[in-house]
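# Topology and contacts: notes
Listed below are the residues making up each chain.
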Amino acid sequence: MAHLFVSYSRRDETWVDELVALLTDRGIPVWIDRSDMLASAPWRREAEEGIDAADLVLVCASDFSRASGACAWERSIAENQGKQILEIEVGAHLPSAAPRLADTYEQTRREEEWRTELRVRSRNWDATGRRRHGLAGAREQRLMRKQHPIGPVGRPEALAYLAASRRRTVRRRFISAGSVFTVVAALVSYLVTSSIQSDWARSNAAQAANYDASNWQIRSAAAHPYNSLATAATLGFDEAAVRSFAIEAAMEHPVPDDAFSVPAHSLRFRHSPVAATVVVTDADGTSWVRQSAQRSVRTALRLDRPGPATHPDDGSLSVATGPGPAQLTVRRHGRLLRILTATERPTAYRLSPDQRWLAVAGATGVDVIDVDRGTIRTRLAGVQSVRDVAWSADGSRLWGTAGTHVVSWLVRHGTLLVNRPGESYQAMLPAADQDFAWLIERSGTLSLIRLADGAAVRTLRLGGTILSAAADARGRVAVLTGSGGDLRVVNLASGRSRTLKVPCTAGEAALTADATTAYVPCLLGDVEVVSTASARVMRVLAVPDNAAASVAVVPSMGRVLVGGYDGDIYTYDDRRHAHLLHTLACGPIVDRIAMTPDGRTLLPVGDGTGSIGCTREMVTHGGHAQWHAVIDAIPDSVLARAAAYDPTGAEFAIGYSDGTLTLHPQNMSPREVLTELQGPVTGMLVAPASRSGSQAQLYVATRGGMVERLELCPSCLSNAAMARRAHAMVERGVAFGLAHWLPDESGPTATK
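Note that this is a predicted model, so its numbers are computed, not measured. (Residues numbered from 1 in each chain as written. Predicted model: local features only at pLDDT ≥ 70, side-chain atom pairs only at ≥ 80, totals over all residues. Heavy atoms only, no water.)

For E528, the location among the structural elements is in strand β31 (residues 527–531). Despite its burial, E528 remains without a salt bridge, the nearest opposite charge being carried by R539 at 10 Å. Once you skip the residues sitting within four places of it in the chain, E528 turns out to touch V502, P503, A518, Y519, V520, C522, V537, R539 and V540. (Helix = DSSP H or I, 4+ residues; strand = E, 2+ residues; numbered from the N terminus. Buried < 20%, exposed > 50% of the residue type's maximum accessible area, 1.4 Å probe, protein only. Lys, Arg positive; Asp, Glu negative; His and termini not counted. Salt bridge = Lys/Arg side-chain N within 4 Å of Asp/Glu carboxyl O. Contact = heavy atoms within 4.5 Å.)

Written out as structure tokens, the structure reads:
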């Protein structure tokens, strides 16, 4: 909702409160922070969103506000966003000032209404995965384009929102115009094909039976996890996609990989988070202990002197049940943050140590909820009637009690190197030394981190806002794009930078292998070719229909690829002429183009990635390019922010705006889906194997302030390998006493 944003110093609070009361009485919607929070990162995020949705920013000026860092930050954000700013001196006569302010706001609201509407809608559309719901109609597009500048202050997500809305309008008109033709064609098709339909039915009978079995497997995976895993364990005899889907469904809901029993019921954790020992207490007050790392031990020892219970709660968030039966209310410093909805009525809940995640136990499993997004990211299965939950100290595991069992799930598969909830990382770039990498913060800071432990060893503070960043493969030069058409060329060795202006909203650049040239896409425009030595535009690559969205350079040959706003991918010859390489069927925005080091395989990702027809991988054999469909439907997001290949091209990863990461083998399936990251995935960096026998490492950065390291394992992503994993999971469940084998004519099964 549009409003008036009020920037003020808390020392002027009395006068500001009187002004706000007078404006509110006149029907003016006001955004003002009345809490006692410091200028923390969560507060800054909320304030930036408040400014973003404002028609007018009112600065209450005084000596206090002029000395306030928070007020200066709010003003800089408003200026960067092109907001109209109005100043009023604190102490002014309110009865006469309030009417003038109200009139000014109403006039500004009429002038800015659709520009603000576009900013808010595009931001929400971008944050929720760029789904088609919420796009603008034809009339709304005209009004938005009239007020929104397509130039230096045009925001990428706003441009993408308008482009997506236009594509939907065109599709709807096409569908309406072709509906009569479709009916006639369907009738003719029926008459022609009815004679051979019975032959098709007979030839596809066996395949249909396979799909029916797989669909049953997928539907029953959540309700009967061990049964599904036991079935998946029998499906590794070939690499058919239909069996891949069934295996993926069976492994979607993690089951415990550690458990021990206690001769008592009604168990509660005595200490949370869990550190070196797991201590539980029964209803009679008797405590039991086991070392948390002793995973081969299946029983606990009685603890005679357990000491006082510890459940520290020193964070800014608090959680309570309600208002609905399966809902929980989350507050930050006592102020309502959001209401979360779990799968079922909670029996226990616990925030993670970093307060990013909320574990909610119920009668049939445990939800792991992303507190920032408010969505269920993982459903843990394998036990019922979970009574209590506790996180491990590092947040990589979740413990639960159920009956006489204490169980543990692995909820993080990688190694968390950086965990700063207040930061926003825009990219992760290679460094000159392969043991390090550059982490690019939105706030204008470049940090050189050690890949072994994530420790920062050098910092470059350039200031301003960084929207995207790119570097050459050897980490010598970086090109940063900012607001207002700013482009900075940074020598990463010396730290020196030079700035130039480009006449557009610039997207992520791509550099040649020798780092002498950068190709910078002007969103909904052409491609600027920049010399990194002189920081000047040398020439322009014309893009058909002025529809540049992304650019990539093939390292081995210097060939330039450009992704467009309508699913087009262009390549350029030596004379700088564009040639259409491919058009993706559903016309998505191509935000990134990932490729193998030799350039023989490439993957365009962006809006619509994972949906049928929207994503294709190009593989070149013998000089001939073949395009293969990639199906990677994600529950919460179809917007991919990043993608990368392992050095051999045998595995690739796609990162989505909801934090989901998917890993694929060369033949596309089976995939592995990881939901342990918070915030949009914005950067990926692949480090080659450091020694013989080791695997390449994937480093992933998110806009939520996380950097995680994962080991790439192409051989692990096959039906045979994942069937073996499923079998091992069932065997562990049997050993834990959570499942048991049953004889069956169709093969082994398991049940809780």
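Structure's up, so let's keep going.
What follows deals with the sheet that holds strand β6 (residues 268–269). Pairing is antiparallel in the open sheet, where 4 strands are placed in the order β6-β7-β8-β9. Across the chains shown, the open sheet's two edge strands, defined by having one partner strand only, are β6 and β9 (301–303). Where β6 lies against strand β7 (residues 277–281), 2 bridges are found, and the strand directions are antiparallel. Each residue of the ladder has a partner; that of R268, found in β7, is T281. (Pairing = 2+ DSSP bridges.)

At a closest axis distance of 8 Å, the pairing of helix α10 (residues 225–232) and helix α12 (residues 719–736) adopts a crossing angle of 140°. With respect to α12, the element α10 is oriented oblique. Of the two possible hands of crossing, α10 and α12 adopt the one that is left-handed. Judged by residue contacts, Y226, L229, A230 and A232 of α10 engage A723, A726, M729, V730 and G733 from α12. (Axes fitted to C-alpha atoms, helices over the stretch in contact; angles between N-to-C directions. Parallel < 35°, antiparallel > 145°, perpendicular 65-115°, else oblique. Left-handed = near helix turned anticlockwise from the far one by under 90°.)

To continue, consider the nonpolar core. Counting residues in each nonpolar core, the largest one holds 34 residues, and the members touching the most others are L229, V366, V389, L398 and W409. Mapped onto this core, the elements with two or more residues apiece are α10, α11 (241–250), β14 (357–361), β15 (366–370), β17 (388–391), β18 (397–402), β19 (405–410) and α12. At 5 residues, α12 tops the list of elements feeding residues into this core. Judged by nonpolar contacts, the second largest core, of 19 residues, contains Y8, V20, I32 and L56. (Core = buried A, V, L, I, M, F, W, Y, C linked by side-chain atoms within 4.5 Å.)

Count 3.6 residues to each turn of an α-helix, and residues three or four apart come out pointing the same way. The terminal C-alpha atoms of helix α1 (residues 13–25) lie 18 Å apart, and with 13 residues this matches the ideal 18 Å at 1.5 Å per residue to within 8%. Remark: G27 follows α1 within two positions and exhibits a positive phi of approximately 85°. (Expected span 1.5 Å × (residues − 1).)

Burial runs high along α11: 8 of the 10 residues are buried. Inspection of α11 places V242, R243, S244, A246, I247, E248, A249 and A250 among the buried residues, and these make up the whole buried set.

This next bit is on the side chain of T512. Relative to the helices and strands, T512 resides in the loop between β29 (510–511) and β30 (517–521). On the basis of relative accessible area, T512 is assigned to the buried category, the value being 14%. Among the polar contacts listed, one links the side chain of T512 to the side chain of D514, at a separation of 2.7 Å. For T512, the contacting residues outside a window of four places in its chain are D472, T517, Y519 and V553. (Polar contact = N/O pair within 3.5 Å; in protein donor to acceptor, adjacent residues only side chain to side chain.)

Our next topic: the pattern of salt bridges. With the rule as written, the count across this model stands at 23 salt bridges. Across the salt bridge formed by E87 and R75, the nearest N and O atoms sit 2.5 Å from each other. Of the two residues, E87 sits in strand β4 (residues 85–89) while R75 sits in helix α4 (residues 69–80), which places them 12 residues apart along the sequence. According to the relative accessible area criterion, E87 is partly exposed, its value standing at 44%. The closest approach of N and O atoms between R109 and E106, which form a salt bridge, is 3.1 Å. Residue R109 and its partner E106 are located together in helix α5 (residues 94–127), separated by 3 residues, close to a single helical turn. Residue R109 is classed as partly exposed on the basis of its relative accessible area of 26%. According to the relative accessible area criterion, E106 is partly exposed, its value standing at 26%. Several salt bridges share partner residues, and in doing so they unite D63, R66 and E89 into one network.

Attention now moves to the state of the cysteines. Per the counting criterion, the structure on display carries 2 disulfides. Across the disulfide, C504 is cross-linked to C522 (sulfur-sulfur distance 2.0 Å). Measuring the twist about the S-S bond at about -60°, one finds the C504-C522 disulfide to be left-handed. With C504 in the loop between β28 (497–501) and β29 and C522 in the loop between β30 and β31, this residue pair connects regions lying 18 residues apart in the sequence. The same class applies to C504 as to C522, namely buried. There is a disulfide in this structure between C713 and C716, and the S-S distance comes to 2.1 Å. Of note, the bridge from C713 to C716 carries an S-S torsion of about 65° and is right-handed in sense. According to the relative accessible area criterion, C716 is partly exposed, its value standing at 32%. There is no disulfide at C60, and the cysteine sulfur nearest it, in C71, is 8.7 Å away. Look at C60 and you get buried, because its relative accessible area is 0%. (Disulfide = S-S within 2.5 Å.)

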